[in-house]
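One-letter residues, chain by chain:
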Amino acid sequence: MSDPVSREPVLAVDGLSIGFQTRRGLLPAVRELSFSVRSGEMLAIVGESGCGKSLTALALLGLVPPPGRVTGGTVRLEGRDLLALDEAALRRVRGARISMIFQEPMTALNPVLTVGEQIMEAILEHEPVSRKAARGRALALLERVRIPDPERRFAEYPHRLSGGMRQRVMIAMALAGAPAVLVADEPTTALDVTIQAQILGLIDELRREQGTAVVFITHDLGVVSRYVDRVLVMYAGRKVEERGTRDLFADPLHPYTRGLIAAQPRAGAGPAGAERQRLAEIPGTVPALAAMPAGCAFAPRCALADERCVQAVPPARRAGSGLVACHHAGETHAV
Amino acid sequence: MALPETISLSQARTDFRDTTVGRLLRRPSALLGLILLAGILAMAAFADIAFSGDPLDMAGMPLLRPGEDAAFPLGTDMMGRDLASGIFHGARVSLLIGGVAALVSLVIGIGIGALSGYYGGRIDRALMRVTELFQTIPPFLFTLALVAILQPSIATITAAIGITSWSGLARLVRAEVMRLRNSELAQASIILGASDARIIFRHILPNALAPVIVSASILVATAILTESSLSFLGLGDPNVVSWGGMVGAGRETIRTDPHVAAIPGVAIVIAVLALNLLGDGLNDVLNTKGERR
């Protein structure tokens, strides 16, 4: 824990492709996605709904729901390829080495068990400790996720807790097995803005304390910008840009990323009477899975698109510390 | 920092179980059902104390009307058997068979429903075909046939009723389990590495219990009715007194002494009514509670 960010990636995804098997054939939803996360590092995967980010999150735990299936690539967790493991081996990895939290903490908690019982269960699932020891650990976990008066909350049912508290409980359960990687799929979307910041702050603290690698899935670039080290932008199943957070905001290279950043609403844009700016938007919609263009998927919505973009998928190219997949990357910033 | 989170809208609400029972007791029909059921349970419990002799023994003059002889408040049948004693001892048989048959039915129904709903696919299809097979055979005729083959006794009657009455429950449980299996609750358990058995027994079934509890009370009522019908037709256990058997015995004197058949008939009605009222009350209370807020 003295050196939270080690060199060796704890999670390495290479060429991951996920498709949906339909009557009309295999529809690719995620295409050749590669990224890696090191211990104590926080990576955000950002994109619109349907870009494949949640599917990617589920694939990291070997949980792609049918009719979806992984059609290629590897997911290496601490050197082991998760996609090659059988169900029994996967069960031992889930919760213990890689864990996940969700958007809706209410529906993910069992309404008929107390908070404490559920956390104890998460501990006992992976370690043969006594119930008394598990109880002590569960209380410690409640404390670690900054739940006030953990003794009392321990015996309480989920419906008695607020949304923020429930998400803290979910995080405590996810951390029960001391996983190396925590996947967070829009964990703050269902929460109030003030609570959002608290939960994000908590995740940030925990990964620093424990060296847990965090993969943070979100559609909201603004929410994560303060906490994550790197941002991976996905569009229509592909990675279009992956950069250090500061670089990305200072100098977004992909036209889609630029559009996303421009589309952030900014509070306090000026007092009443001052010039009001219309919120920027990206014209058009994400192409349907069945009607993916042959070239760059963003080309139909892109102001810079030309013949090359329509014909060939742009390869990922180095751009400083990161990667970008655009034929026109960095050409001109006027979109 | 924790202050805004601790203010929960549910702070004022008391514990889940308390409110369920509390709300059940506040419903007049459910309360009536509970009181009637408690009365029948008391009759069954104190049958040996109130009427110590064998209820099948001849006790007095045959065909005494209720109130005619203070020793036989409900009168006697044509064999001179005490009807009041029969009602008390019959309550035991009815409740025993009703309860155990419902239990057998619950075990089979929940088992098949849970497996079917959780695993889906081929297991689901196979189990549902079996269920449909049971659903297409008229349950009473099926029970009748089983009892006739196995020889009537309390054990065979109970088993036969249990075996023939689980199909509806299995479908109900299957639907509930399917819904919960795809919920975030099950997903979250899978992500934490829980085993299938743990997810089913710890997370899915307890949350699917509300409709099961409701149908359990109806199952008991149906089992009591079925047992009565069997006994009425002479397929009851000949060694014990049962309400249906008493009605059957009173059939021959129904024109001259209708009370012999009517009194056990009323007992059956009250028992079935009590369980149905309770089932209705539970349905109202548990279903509104189950709605998402």
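Residues numbered from 1 in each chain as written. Chains lettered and ligands numbered in written order. Predicted model: local features only at pLDDT ≥ 70, side-chain atom pairs only at ≥ 80, totals over all residues.

Next up on the list: the overall build of chain B. Within chain B, the secondary structure is distributed over 14 helices and 0 strands. Each helix and strand of chain B, placed in order from N terminus to C terminus, yields the pattern α-α-α-α-α-α-α-α-α-α-α-α-α-α. C-alpha extents for chain B along the principal axes are approximately 80 × 50 × 30 Å. Here chain B, with 293 residues, has 44% of them falling under the buried criterion. (Helix = DSSP H or I, 4+ residues; strand = E, 2+ residues; numbered from the N terminus. Buried ≥ 20, exposed ≤ 12 C-beta atoms within 10 Å, placed from the backbone.)

What follows covers the overall build of chain A. Counting secondary structure elements, chain A contains 12 helices and 12 strands. A globule of 335 residues ought to have a C-alpha radius of gyration of about 20 Å, and chain A, at 21 Å, matches this closely. Taken over the C-alpha atoms alone, chain A extends approximately 65 × 55 × 45 Å along its principal axes. A burial count over chain A gives 44% of its 335 residues as buried. (Rg over C-alpha atoms; globule rule 2.2 N^0.38 Å.)

Before going further, it helps to spend a moment on the nonpolar core. Counting residues in hydrophobic clusters, the biggest one holds 169 residues, and the most contacted among them are Leu43, Ile119, Ala172, Val181, Val183, Val215 and Phe216 of chain A. Counting residues per element, this core draws most heavily on helix 5 (residues 83-119) of chain B, at 16 residues. Ignoring anything within four residues of it in the chain, the contact list for Ala172 of chain A reads Ile119, Leu141, Leu142 and Val145 of chain A. (Core = buried A, V, L, I, M, F, W, Y, C linked by C-beta atoms within 7 Å. Contact = placed C-beta atoms within 7 Å.)

Across the contact, 32 residues belong to chain A and 21 residues belong to chain B. Mapped by element, the contributors of at least two residues to the side of chain A that touches chain B are helix 2 (87-93), strand 6 (98-101), helix 3 (105-108), helix 7 (163-175) and helix 8 (193-210) of chain A.

A few words on the pairing of strand 2 (residues 25-38) of chain A. Residues and elements named next belong to chain A. Of the strand pairs in this sheet, strand 1 (residues 9-22) and strand 2 are connected by 10 bridges, and their pairing is antiparallel. Bridged to Thr22 within strand 2 is Gly25. Between strand 1 and strand 2, which follow one another and run antiparallel, lie 2 residues. (Pairing = 2+ DSSP bridges.)

This next bit is on the sheet that holds strand 5 (residues 80-81) of chain A. Read from one edge of the open sheet, 4 strands run 2-1-4-5 (chain A), paired in antiparallel fashion. The sheet is open, and its two borders are formed by strand 2 and strand 5 of chain A, each paired with just one other strand.

Moving on to the environment of Leu109 of chain A. Among the structural elements, Leu109 of chain A can be located in the loop between helix 3 and helix 4 (115-124). Residues within four places of Leu109 of chain A in sequence aside, it is in contact with Gln118, Pro158, Arg166, Val169 and Met170 of chain A.

With the exception of glycine, the majority of residues adopt a negative phi angle, and the majority of peptide bonds are in the trans configuration. Residues and elements named next belong to chain A. Omega for the peptide link from Pro66 to Pro67 comes to 10 degrees, which places this bond in the cis form. Structurally, Pro67 is set in the loop between helix 1 (53-60) and strand 4 (68-77). We note that Glu186 has phi near 50 degrees; this positive angle belongs to a residue other than glycine. As for its position among the elements, Glu186 is in the loop between strand 7 (181-185) and helix 8.

Residues and elements named next belong to chain B. Following both chains from N to C, one finds helix 5 and helix 8 (residues 154-164) inclined at 45 degrees, their axes separated by 8 Å at the closest point. Between helix 5 and helix 8, the interaxial angle falls into the category oblique. For the pair helix 5 and helix 8, the sense of crossing is right-handed. Only Ile154, Ile157, Thr158, Ala159, Ile161, Gly162 and Ile163 of helix 8 make contact with helix 5, whose side of the interface consists of Val93, Leu96, Ile97, Val100, Ala101, Val104 and Ser105. A breakdown of the residues in the contact of helix 5 with helix 8 according to their chemical character gives 11 nonpolar, 3 polar and no charged. (Axes fitted to C-alpha atoms, helices over the stretch in contact; angles between N-to-C directions. Parallel < 35°, antiparallel > 145°, perpendicular 65-115°, else oblique. Left-handed = near helix turned anticlockwise from the far one by under 90°. Nonpolar A, V, L, I, M, F, W, Y, C, P; charged D, E, K, R; others polar.)

Residues and elements named next belong to chain B. Orientation of helix 7 (residues 139-150) relative to helix 8, taken along the N-to-C sense of each, is 145 degrees, at an axis distance of 9 Å. In this structure, helix 7 crosses over helix 8, and the sense of that crossing is right-handed. Note on element contacts: helix 8 touches helix 7 through Thr156, Ile157, Ala160, Ile161, Ile163 and Thr164, opposite Pro139, Phe142, Thr143, Leu146, Val147 and Leu150. In terms of residue class, the contact of helix 7 with helix 8 is built from 9 nonpolar, 3 polar and no charged.

Residues and elements named next belong to chain B. The first and last C-alpha atoms of helix 12 (residues 209-232) sit 34 Å apart over 24 residues, in line with the 34 Å expected at 1.5 Å per residue. Most of helix 12 is tucked away, with 18 of its 24 residues classed as buried. Positioned one or two residues after helix 12, Gly234 has a phi angle of 85 degrees, which is positive. (Expected span 1.5 Å × (residues − 1).)

A few words now on the confidence of the model for chain A. When the pLDDT values of chain A are averaged, the result is 83; 92% of them are 70 or greater. In this model, residues 1-5 of chain A is a region of pLDDT below 50 whose contacts with residues beyond four sequence positions or in other chains number 11 contacts. (pLDDT = per-residue confidence, 0-100.)

All names here are of chain B. Of all residues in chain B, 91% have pLDDT values of 70 or greater, and the mean over the chain is 85. Counting contacts from residues 1-14, a segment whose pLDDT is below 50, to residues more than four positions away or on other chains yields 15 contacts. In the predicted structure, residues 289-293 sits below a pLDDT of 50 and forms 2 contacts with residues beyond four places in sequence or in another chain.

This part takes up helix 11 (residues 255-262) of chain A. Residues and elements named next belong to chain A. When you tally the buried positions in helix 11, you get 6 out of 8 residues, the bulk of the element. What helix 11 keeps buried is the set Pro255, Tyr256, Thr257, Arg258, Gly259 and Leu260. On its buried side, helix 11 packs onto helix 9 (221-224), strand 9 (230-235), strand 10 (238-244) and helix 10 (245-250).

Residues and elements named next belong to chain A. In spatial order, the strands read 6-7-8-3-9-10-12-11; together these 8 strands make up an open sheet with mixed pairing. The open sheet has two edge strands, strand 6 and strand 11 (317-319), and neither has a second partner. The sheet shows a mean angle of 25 degrees between the axes of neighbouring strands, taken without regard to direction. With 2 bridges connecting them, strand 10 and strand 12 (residues 322-324) associate as antiparallel partners. Following the sheet pairing, Glu242 is matched in strand 12 by Leu323.

Residues and elements named next belong to chain B. As for its placement among the helices and strands, Ile254 is situated in the loop between helix 13 (243-250) and helix 14 (259-290). Classification of Ile254 by C-beta neighbours within 10 Å gives partly exposed; the count is 13. Residues Ile254 and Ser215 lie 39 residues apart in sequence; the distance between their C-alpha atoms is 35 Å.

Turning our attention to the pairing of strand 3 (residues 42-46) of chain A. Residues and elements named next belong to chain A. Extensive coverage of strand 3 is indicated by the burial of 5 of its 5 residues. Two strands pair when backbone bridges link them, and strand 3 and strand 8 (residues 213-218) are joined in this way by 5 bridges, in the parallel orientation. The residue bridging Leu43 from the neighbouring strand is Val215, located in strand 8. Across 4 bridges, strand 3 lies against strand 9 in parallel orientation. Among the inter-strand pairings, Val46 is bridged to a residue of strand 9, identified as Val233.

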